[in-house]
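Notes for the structure review
Chain residues, written in single-letter form:
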Amino acid sequence: MNNQVSTILNKLTVREKASLVSGKEFWYTEPIDRLGIKSIMMTDGPSGLRKQADTSDALGLNKSVEAVSFPVSALTASSFDRALLTQLGKHLGIAAKANDVAVLLGPGINMKRSPLAGRNFEYFSEDPLVAGELGSAYVNGVQSENVGVSLKHFAANNRENQRFTVSSDMDERTLREIYLSAFENVVKNAHPATLMCSYNSINGSLNSENKWLLTKILRDEWDFQGLVMSDWGAVADHVRAIKAGLDLEMPGKGKSSINEIVDAVESGMLAESELDKAARRVLNLIHTYSKDSNDAVNYQKEEQHEFARKTAEQSMILLKNEDQVLPLKSTDTVGVVGELAAKPRYQGGGSSHVNAFKVTTPLSVVQQINPDYQYAQGYTLKGTDTKESLSDEAIELAKNVNKVIVFAGLPEEDESEGFDKVRIDLPENQNELIKKLSEVNPNIVVVLQNGSAVTMPWIKNVKGVLETYLAGEAVGEATWNILNGVVNPSGKLAESFPLSIKDTPTYGTFDVNEKHEKYREGLYVGYRYYDMKQIPVLFPFGYGLSYTTFKYAELKIKELEEQQVEVRFKITNTGNQAGQEIAQIYVRNRASYIEKPFKELRGFTKVELNTGETKEVAVTLSRRAFSWYNEQTSSWQVDNGNYEILIGKSSADIELQSSLTLNWSTNDKPIIDRDTYFANIIARKDLAKALAESGLDKLMGQLQSSAENAQLLENIPLRSAVMLGASSEQVDKFIKLANQ
């Protein structure tokens, strides 16, 4: 730690230390004027700065400062573009710095466990590799501008209902491989300034008081050097939280927060050395991210708006393009339908809501670029009932044009922070309208505005579908640039779209228990579940179309030093225009005798190719890509044996595959105990000496002498040797010798 920080810490009274670890006025740390310690501000901003103009406005009821609204993480994740996410982070860092904000509260990297989760729009993916890699890029971008981040929400915060009190209940392997993996990636590779502790419990232990989570894993195992703050109101017992490893209670409870810490130190309930750890981390944060008001910041909202447009364009996903209905041609007569064209849903609700700088609606943009367009509202966002007058007007329009662009999606009141959804269907008036329009016009293109996966009962009746999620304030420009072919779409889904909510891994268990969320599906989240159960989906993870085509060839796999594998293959643009392809590298584990997914994403890359161009792609996979978490040994384990490398355009479209045999484990011999089966003992030549010294070799010889015993041996454990004539002493001696 900084010497200056240590000097200041030694001068602080217990009350001053207590004030430092308790937030002030919702968004600030407490200043210590006599020692020149400044107060720093933090604010929401995963997709745009939400600095409250009124410092006492905790819930964002008043208007925040004007800022550019960027696309939400559900969309930016679909870019699969690390460089783009780094640039997004830099833009957010610049906006924060210009507004004297020291810490930006984001990104959110929780898993999309269920499409009903109300905050999915704010999270990246159902896959921890995508969330971890893009989260790291985002953090690096923000912090390159000397603005800290608060990585959130740590951990297993995957539902909104009862989020303050619900316990996320699961086995440790599931927690490590799925729900902690992205956090581990960002902590180790991007070094976030702070990490935000979530409201929920894990297996009955409140996260803000969970020393195993906040200290043993986060600090001792991952070597996190930053500050841990609470989500707003997540602290139930401030003293227990500090003892567990929480440093800063937000937003703080004023004098009561300070008094409870002082009283705990004076009574001996809290050692002053424990308080010092937390206070030191707060001081270090303030020292690192205090802003000089004279610093010049090149903050240009027009330039940020243009970047928001580019980000949306690089992320939107073309889901269907039958008969090449898109891009639109200059000869097309185009009808625009839907209230969302005039009143787009372009950002999330709750703490990510931004007072946007300049919203360009799809309707206002088409008015400028196509003066011959026709528009009909078609439906109302207030309620779900069909209004015949609006519907009839849209149908008449559809009869008089050769292509109809229908803007459809979920109204803001249907998905937001603070509550979970009850369905993943579009409002009935929109579904009904799309069905009627398809009956009078064969060329229907649906443009979706939504925060998470939705069903599409009309999918077979429309020619095109463009998923724009919540695309930020430049939604109008970006959408039409894709529709008109100014930009070739390149996004791919970072989550699976199921055919029905009944097909999802958490159906029947999500949100049914107020106190406990049972993660019964374990490892099988998203595509892992659909793979295992062989359940068809509407659109698979990693899926997305382009206006051009790509061919994969020449897969080469090479084992490198330091237990790494290099994967090389070629991609050729076989279409008639430049485009970008997102290649995905999956690994199938055939070596380990454990429960495991059919395949798992272990690498991805985005490649830009001109017409006819070929590029060789090289991706290096680390030891971790072939590992699983062993709860018995509390370690990541690689087993010697066969693995398959699969290269896909999506999780369901595998273009190339090959296998390799790894011999990395130097301790791949399983522990021998009384439940070890005879067949496994006989298969190991290295146990011959232990068998002989214990005297069990004669028994094994007798059992092996008959071919009829072969199948029987598969299912007899070592403890049954006593039943077959061996002594308990012989069994114990063999176990001791075998495990030396």
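A brief report on the enclosed structure follows. None of the values given here were measured: they were computed from a predicted structure. (Residues numbered from 1 in each chain as written. Predicted model: local features only at pLDDT ≥ 70, side-chain atom pairs only at ≥ 80, totals over all residues. Heavy atoms only, no water.)

**Notes on the pattern of salt bridges**
Within this structure, the stated rule accounts for 56 salt bridges. With its nearest N and O atoms 3.4 Å apart, the salt bridge here joins Arg 119 to Glu 417. With a gap of 298 residues between them, Arg 119 in the loop between β3 (103–105) and α5 (128–143) and Glu 417 in the loop between β14 (403–409) and α16 (428–440) connect regions that are remote in the sequence. A residue is classified by how much of its surface remains accessible, and Glu 417, at 17% relative accessible area, is buried. Between Glu 600 and Arg 528 there is a salt bridge, and its shortest N-O distance comes to 2.9 Å. Of this pair, Glu 600 sits in strand β21 (residues 600–609) while Arg 528 sits in helix α18 (residues 527–533); the two residues are 72 residues apart in sequence, bridging distant segments of the chain. Residue Arg 528 is classed as buried on the basis of its relative accessible area of 1%. Salt bridges here are not isolated pairs; linked through shared partners, they connect Arg 119, Glu 122, Lys 152, Glu 160, Arg 163 and Glu 417. (Salt bridge = Lys/Arg side-chain N within 4 Å of Asp/Glu carboxyl O. Helix = DSSP H or I, 4+ residues; strand = E, 2+ residues; numbered from the N terminus. Buried < 20%, exposed > 50% of the residue type's maximum accessible area, 1.4 Å probe, protein only.)

**Some points on helix α21 (residues 697–704)**
Of the residues making up α21, those classed as buried are Leu 699, Met 700 and Leu 703. The buried residues of α21 occupy one face: seen down the axis, they fall within an arc of 100 degrees. What points out from α21, more than 90 degrees from its buried face, is the exposed set Lys 698 and Gln 702. (Arc of directions from axis to C-beta.)

**Some details on the sheet that holds strand β10 (residues 317–321)**
Read from one edge of the open sheet, 6 strands run β10-β16-β15-β14-β11-β13, paired in mixed fashion. Each edge of the sheet is formed by a strand with only one pairing partner; in this case those strands are β10 and β13 (374–376). If you compare each strand with its neighbour and ignore which way they point, the axes differ by 15 degrees on average. Note that β10 and strand β16 (residues 464–467) share 4 bridges and pair antiparallel. Looking at β16, one finds that Asn 321 is bridged to Gly 464. Sheet contacts for α16: β11 (334–337), β14 and β15 (444–449); angle to β14, the most-contacted strand, approximately 170 degrees. (Pairing = 2+ DSSP bridges. Axes fitted to C-alpha atoms, helices over the stretch in contact; angles between N-to-C directions. Contact = heavy atoms within 4.5 Å.)

**Observations regarding the nonpolar core**
In this structure, Phe 154, Tyr 179, Met 229 and Trp 232 are the most contacted members of the largest nonpolar core, which totals 114 residues. Core analysis: the second largest hydrophobic core is formed by 68 residues, Val 365, Ile 395, Val 404 and Val 454 among them. (Core = buried A, V, L, I, M, F, W, Y, C linked by side-chain atoms within 4.5 Å.)

**Considerations on the side chain of Asp 639**
On the secondary structure map, Asp 639 appears in the loop between β24 (635–637) and β25 (641–650). One buried charge, Asp 639, has no salt-bridge partner; the nearest side chain with opposite charge is Lys 596, at 7.8 Å. Polar contacts involving the side chain of Asp 639 include one to the side chain of Ser 592, which spans 2.5 Å. Not counting chain neighbours up to four residues away, the residues in contact with Asp 639 comprise Ala 591, Ser 592 and Trp 628. (Lys, Arg positive; Asp, Glu negative; His and termini not counted. Polar contact = N/O pair within 3.5 Å; in protein donor to acceptor, adjacent residues only side chain to side chain.)

**Brief notes about the sheet that holds β3**
Taken in spatial order, the 5 strands make up an open sheet running β1-β3-β4-β6-β9, and their pairing is parallel. Strands at the two margins of the open sheet, each flanked by one partner only, are β1 (42–44) and β9 (227–230). Pairwise comparison of adjacent strand axes, ignoring direction, gives a mean angle of 30 degrees for this sheet. Direction of pairing for β1 relative to β3: parallel, over a ladder of 3 bridges. Among the inter-strand pairings, Asp 44 is bridged to a residue of β3, identified as Leu 105. Contacts from α5 reach β3 and β4 (148–154) within the one sheet, and its direction differs from that of β4 by about 150 degrees. Sheet contacts for helix α8 (residues 211–221): β4, β6 (194–197) and β9; angle to β9, the most-contacted strand, approximately 155 degrees.

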